[in-house]
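Observations on the model geometry
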Amino acid sequence: MKAVVNRIIPFSSVDGPGNRTAVFLQGCNIDCRYCHNPETRGFCQNCGVCADNCPAGALSVENGQVHYDPEKCVQCDTCIHVCPHDSSPRTEKLSPEEVEERVRRQIPFIRGISVSGGECMLQPAFLTELFRLSKADGLTTLIDSNGTIPFWEYPDLMEVTDGVMLDIKAFDCGEHRTVTGAPNDTVLANASWLAEHGKLYEVRAVIVPGLYDTERSIRSMGAFLAPYLKVREFRIKVIAYRPMGVRREYACYEVPGREYLEHLADILRDCGFQNIIII
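Below is a summary of the structure that appears in this document. Since this is a predicted model, take the numbers as computed values, not measurements.

1. What to know about the packing of aromatic side chains
Under the counting rule described, the total for this entry stands at 4 aromatic pairs. Measuring from centroid to centroid gives 6.3 Å for Phe224 and Tyr228, while their planes differ by 65°, and the two rings are edge-to-face. Judged by relative accessible area, which is 24%, Phe224 ranks as partly exposed. Plain terms: the ring middles of Tyr241 and Tyr253 are 5.8 Å apart, the flat faces sit at 80° to each other, and that makes the pair edge-to-face. Highlighted residues: Tyr241 in the loop between strand 10 (235-240) and helix 9 (258-270) and Tyr253 in the loop between strand 10 and helix 9, separated in sequence by 12 residues. One exposure class covers both Tyr241 and Tyr253, and it is buried. Site record: aromatic cluster; members linked through ring pairs are Phe171, Phe224 and Tyr228.

What follows is the structure, given as structure tokens:
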């Protein structure tokens, strides 16, 4: 059993509590207009465009396959910018054991492991085995998800998962389709289920004025989630859209100011939330 891994960040302080190793799996099932990691969406088609454009000669095509030489790579990211398939030639196919071996190198300097994407829930069996190994190493385990895969269908995975960081791209279903190309009924059902079972660690909303009604979405989201604070406290992360890293055609949206983000945070505070982070 192997998964395509986009990258592993040994030390991260923004992917859950404490210092953590963050693993990004390749492949996503929705298409967020403001995606800040578009190179994690698709899979390499071995078209060779990246090799033709690599200024360092780190990429080549041999027998119809793109080959990557990390020794020559200068991390200029030309390959991911020119890729027509929203992918990267620098991915690796790794087993849960191989990923955990790399995670283990950071012990005892990390508190846990967080797995993101792409959408990591597209590979639940891989996640389950990886988290079992991480648990055996004394690490906490977190999933970063867009919420479109029903968590309740994977009890074995939930047993070894300490929490989920869940995106709510927009509360209104129609606006969610505008933002992502997909509905959000499963996303909201997941939010309820995770909160009821004490597995909801964080809910995140990326604020993109002009793309959807951000204030209405925050008000609705706050009212929807507030009753679950009685089960277990979880935090809300209000994230400003920024054009860095997004695809060129979606780099035109307004960047919200701090004052507006504080206004949205005040709406959530009025709903009863205290643990709010503005980024």
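2. Focus on the pairing of strand 4 (residues 65-68)
With 4 bridges connecting them, strand 3 (residues 59-62) and strand 4 associate as antiparallel partners. Bridge pairing in strand 4 places Ser60 opposite His67. The hairpin turn running from strand 3 into strand 4, its antiparallel successor, is 2 residues long, and Asn63 in that turn takes a positive phi close to 55°.

3. Quick notes on the packing of helix 8 (residues 214-225) against helix 9
Here helix 8 crosses helix 9 at 25°, and the two axes come no closer than 9 Å. Comparing the axis directions of helix 8 and helix 9 gives the class roughly parallel. For the pair helix 8 and helix 9, the sense of crossing is right-handed. Of the residues in helix 9, those in contact with Thr214, Glu215, Ile218, Arg219, Met221 and Gly222 of helix 8 are Tyr260, His263, Leu264, Ile267 and Leu268. Of the residues in the contact of helix 8 with helix 9, the class split is 6 nonpolar, 3 polar and 2 charged.

Thresholds, definitions, all that
Residues numbered from 1 in each chain as written. Predicted model: local features only at pLDDT ≥ 70, side-chain atom pairs only at ≥ 80, totals over all residues. Heavy atoms only, no water. Phe/Tyr/Trp six-rings, centres within 6.5 Å; stacked < 30°, edge-to-face > 60°. Buried < 20%, exposed > 50% of the residue type's maximum accessible area, 1.4 Å probe, protein only. Helix = DSSP H or I, 4+ residues; strand = E, 2+ residues; numbered from the N terminus. Pairing = 2+ DSSP bridges. Axes fitted to C-alpha atoms, helices over the stretch in contact; angles between N-to-C directions. Parallel < 35°, antiparallel > 145°, perpendicular 65-115°, else oblique. Left-handed = near helix turned anticlockwise from the far one by under 90°. Contact = heavy atoms within 4.5 Å. Nonpolar A, V, L, I, M, F, W, Y, C, P; charged D, E, K, R; others polar.

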